[in-house]
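Analysis of the macromolecular model
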Amino acid sequence: MEQKNKYSIIVPTYNERLNIALIVYLIFKHLRSRDVDFEIIVVDDGSPDGTQEVVKQLQKLYGEDHILLRPRPKKLGLGTAYIHGLKHASGNFVVIMDADLSHHPKYLPSFIKKQLETGASIVTGTRYSKGGGVHGWNLMRKLTSRGANVLAQTLLWPGVSDLTGSFRLYRKSVLEDVISSCVSKGYVFQMEMIVRASREGYHIEEVPITFVDRVFGSSKLGGSEIVEYLKGLVYLLVTT
Amino acid sequence: MKHVLKIFSLLLVISALWIGLLQASIMPQSHTWLLPIYFIVSLGCYGLLMVGVGLMRFPTCPQEALLLQQDIAEAKGFLKQSGVDVGCK
């Protein structure tokens, strides 16, 4: 039985009026030519900068069947943004990615290809393997990242090299299953998702991706994030 | 089995081995008593080594930033033409 695959790409946004337009253009650039059936679901949390207006312009350009705007009244968190997007997803596969261009849509074909080749339930992007990489991190940031990774690998034996990455392709049914049991917030949520999926025995594959940190704007990694991370690790250690 | 239980049973096995060594007196008692310390210190050193090696071999991709800028320029050009507000940032 030949089943045509459809990919629902969920992009949570908050104040990404410029980046959302760029990302949509790049997604179309890399998927349209490959005869891939997809839709982009923009979950905007009431951005005051006019992100939704830009999305509406994009809808006029690319069609409302390809770009779905499903906003929420205010910032309600990443996990619930995915759940909200999932409700409107008509594809049998779901891609989650960031709107700030740190995740480049040019990797979408390699995610899709990997899944088709291996039949995996989840394909996750890794920044730490050969072929992957990061740009825009200073030494301190790299050290924190590497230290965090070694700690997580030692404690959790997760089976993936990049735990906090959020550029992933899920089989829709698998995402629905895993997301229902996750309670964390922020990037610990991403960790919880992949660790729980690993514990459940889902087939997980990795593809190398490059990560260019925040083209516009700045990302933060301070003491409170580190504490949150450690708490998240202990929580995952004990509950998964 | 919960992951923490797996770790717990691993530690239990290691402890049993250690107690066994203490009982069997294959090596001098003074050395055997210090084994757990050696174990923890080696684990710590291994961890630091992994961090250091990983840091040295950390994959970077400076060319990606350039490619991204090109992609952004291309996107802005197309979108501006098509009437999408890409502003100036």
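To start, this report covers the structure provided alongside it. (Residues numbered from 1 in each chain as written. Chains lettered and ligands numbered in written order. Predicted model: local features only at pLDDT ≥ 70, side-chain atom pairs only at ≥ 80, totals over all residues. Heavy atoms only, no water.)

Turning our attention to unusual backbone geometry. Excluding glycine, a negative phi dihedral is what most residues carry, and trans is how most peptide bonds are arranged. All names here are of chain A. Despite not being glycine, D35 shows a phi value in the positive range, around 55°. Secondary-structure assignment places D35 in the loop between α1 (17–31) and β2 (37–44). The class of D35 is exposed, set by a relative accessible area of 61%. Positive phi outside glycine occurs at L101, with the angle close to 70°. Relative to the assigned elements, L101 resides in the loop between β4 (93–96) and α4 (108–118). (Helix = DSSP H or I, 4+ residues; strand = E, 2+ residues; numbered from the N terminus. Buried < 20%, exposed > 50% of the residue type's maximum accessible area, 1.4 Å probe, protein only.)

Moving on, we come to empty space enclosed by the protein. What the rule picks out here adds up to one cavity of 30 Å³ or more. A volume near 40 Å³ is recorded for the largest cavity. What lines the largest cavity is simply A:L101, A:S102, A:H104, A:K106, A:T210, A:F211, A:V212, B:E64 and B:L68. The greatest single-element share of the lining of the largest cavity, amounting to three residues, is contributed by strand β9 (residues 210–212) of chain A. (1 Å grid on protein atoms, 1.4 Å probe; cavity = no way out; pocket = protein on both sides within 12 Å on 5 of 7 lines; lining within 4 Å. Points joined across faces, edges and corners; volume = space filled by probe spheres on them.)

Turning our eyes to something else, we now look at helix α2 (residues 51–62) of chain A. Here α2(A) spans 16 Å end to end across twelve residues, near enough to the 16 Å set by a 1.5 Å rise per residue. Taken together, the buried positions of α2(A) are A:T51, A:Q52, A:V54, A:V55, A:L58, A:Q59 and A:Y62. For α2(A), the angular spread of the buried residues around the axis is 155°, confining them to a single face. Looking at the buried side of α2(A), the elements it contacts are β1 (6–13), α1, β2 and β3 (67–69) of chain A together with α3 (62–81) of chain B. In the segment just after α2(A), A:G63 is the residue with positive phi, at about 100°. (Expected span 1.5 Å × (residues − 1). Arc of directions from axis to C-beta. Contact = heavy atoms within 4.5 Å.)

Facing the 34 residues of chain B at the interface are 43 residues of chain A. The junction of chain B with chain A conceals about 3400 Å² of combined surface from both sides, 72% of it contributed by carbon and sulfur atoms. Taken together, the links from chain B to chain A amount to three salt bridges. Notably, a salt bridge pairs B:D71 with A:K29, separated by 3.8 Å at the nearest N-O pair. Run the count over chain B and chain A and you get twelve residue pairs in polar contact (both at pLDDT 80 or more). The set of elements that each furnish at least two residues to the side of chain B that touches chain A consists of α1 (3–24), α2 (29–56) and α3 of chain B. It is α3(B) that contributes the most residues to the side of chain B that touches chain A, 13 residues altogether. Along the lines of polarity and charge, the residues of the side of chain B that touches chain A split into 19 nonpolar, seven polar and eight charged. (Buried area = accessible area lost by both parts, 1.4 Å probe. Salt bridge = Lys/Arg side-chain N within 4 Å of Asp/Glu carboxyl O. Polar contact = N/O pair within 3.5 Å; in protein donor to acceptor, adjacent residues only side chain to side chain. Nonpolar A, V, L, I, M, F, W, Y, C, P; charged D, E, K, R; others polar.)

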